[in-house]
Amino acid sequence: MVTLTKDSNCLRCGKNSLLTDDVTGEQFCSKCGYVVSEKINESGPEWRSFQTESGANPARTGAPSSLLMHDMGLATVINPINKDATGKPLSSSMKNTIERLRTWDSRSQSSEPVDRNLRQALNELARMKDKIALSSNVLEKAAYLYRKALEKKLVRGRSISAMIAASLYAACRDTETPRTLNDISDAANVKRKDIARCYRLLHHELELKMPVVNSIQCISRIASKLELSEKTKRYAIKVLQEAQDNKESAGKDPMGLAATALYVSCIKNGDSITQRNLAEAANVTEVTIRNRFKGLKKQQNLKLGNL
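Residues numbered from 1 in each chain as written. Predicted model: local features only at pLDDT ≥ 70, side-chain atom pairs only at ≥ 80, totals over all residues. Heavy atoms only, no water.

*Asks:* I tried to follow unusual backbone geometry on my own but got confused; where do I start?
*Replies:* Keep in mind that most residues, glycine aside, have a negative phi and that most peptide bonds are trans. Its identity is not glycine, yet Ala 133 carries a phi of approximately 50°, on the positive side. Within the secondary structure, Ala 133 is located in the loop between helix 2 (113–132) and helix 3 (136–151). Judged by its relative accessible area of 58%, Ala 133 falls in the exposed class. The phi torsion at Glu 176 lies on the positive side, around 60°, for a residue other than glycine. Note that Glu 176 resides in the loop between helix 4 (160–174) and helix 5 (181–188). (Helix = DSSP H or I, 4+ residues; strand = E, 2+ residues; numbered from the N terminus. Buried < 20%, exposed > 50% of the residue type's maximum accessible area, 1.4 Å probe, protein only.)

Right, dumping it as structure tokens:
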């Protein structure tokens, strides 16, 4: 099959008449016969997620590398099935040989203390992933930060669980994912102050530049827990936007501000909600909601009556 090559002119005659033979890979001019190149590069995908009907795997490469695996997915894997390439079972002597190879292969992948440390940390990260429902880009960022901490030897003498939890919290802050220290602490089963101490260390040593947490992103999370209406959420977002314009939200806890804005919106729309329920959903105290409510009422002149 021969196809026309667009936006290319012949180097000899200068005419736009180059053809490409899809079988041989030759690229030549149909006017003067000049051969530009004798082969072309494969433009197909590097891997596929399916197999042919015959059962053979048509993939030319393996799966993409990932920071979530201690070897980044580049290590060798010996098939646990004791069969050769043709599907015939191995002899007893060959089975013993392959079993020894599997043993040494697994040992070689975690021979250094750094490798064992990284393997344990990434296993802990995979365990926390299911508890707080994070996307893959946040987990990749957390694994990247932990690898950087390993390179600078920041993990030595510190808890692996606390350091990987601090890396996960830093990844959430960097990707603007609304997760609090208490959420990370509950998922990792580590004290909040230990994670905060490790986070400050990562922030200082790795020179991280973290964006300011936007309290508007916390509204959907609190509203979904309390099953509030979309109208209530939209008015709460409007309240927070006005508070940000008036510099009222500077230096305030984002979750506390989001809970207070939802409380204001519920009063405005006539929804029945208590400060206790909002405080439990946002993981803040009722005093915080009352203090933030006073500031919002004063700045925006909300005529909502007495509490």
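Having put the structure on the table, let's press on.
*Asks:* What is the right way to look at the pattern of salt bridges in this model?
*Replies:* Working definition: two side chains of opposite charge can pair if their charged atoms are close together. Scanning all chains against the criterion turns up nine salt bridges. The partner of Asp 194 in a salt bridge is Arg 197, and the shortest N-O contact between them spans 3.1 Å. Remark: Arg 197 and Asp 194 occur in helix 6 (residues 192–205); sequence separation between them is three residues, near one turn of the helix. A residue is classified by how much of its surface remains accessible, and Asp 194, at 23% relative accessible area, is partly exposed. A relative accessible area of 45% places Arg 197 in the partly exposed class. Note that Glu 286 is salt-bridged to Arg 290, the shortest N-O span being 3.9 Å. Here Glu 286 pairs with Arg 290, and both are found in helix 11 (residues 286–300), just four residues apart, close to one helical turn. Here Glu 286 falls in the partly exposed class, since its relative accessible area comes to 26%. (Salt bridge = Lys/Arg side-chain N within 4 Å of Asp/Glu carboxyl O.)

*Asks:* Help me understand helix 8 (residues 230–245), please; the structure alone is not making it clear to me.
*Replies:* Structural remark: α-helix, 3.6 residues per turn; residues separated by three or four positions point the same way. Taking 1.5 Å of rise per residue, the 16 residues of helix 8 would be expected to cover 22 Å, and the 23 Å separating its terminal C-alpha atoms lies within 8% of that figure. Among the residues making up helix 8, those that are buried are Thr 232, Lys 233, Ala 236, Val 239, Leu 240 and Ala 243. Taken down its axis, helix 8 places every buried residue within 120° of arc, on the same side. When the buried face of helix 8 is taken as reference, the exposed residues oriented beyond 90 degrees from it are Lys 231, Arg 234 and Asp 245. (Expected span 1.5 Å × (residues − 1). Arc of directions from axis to C-beta.)

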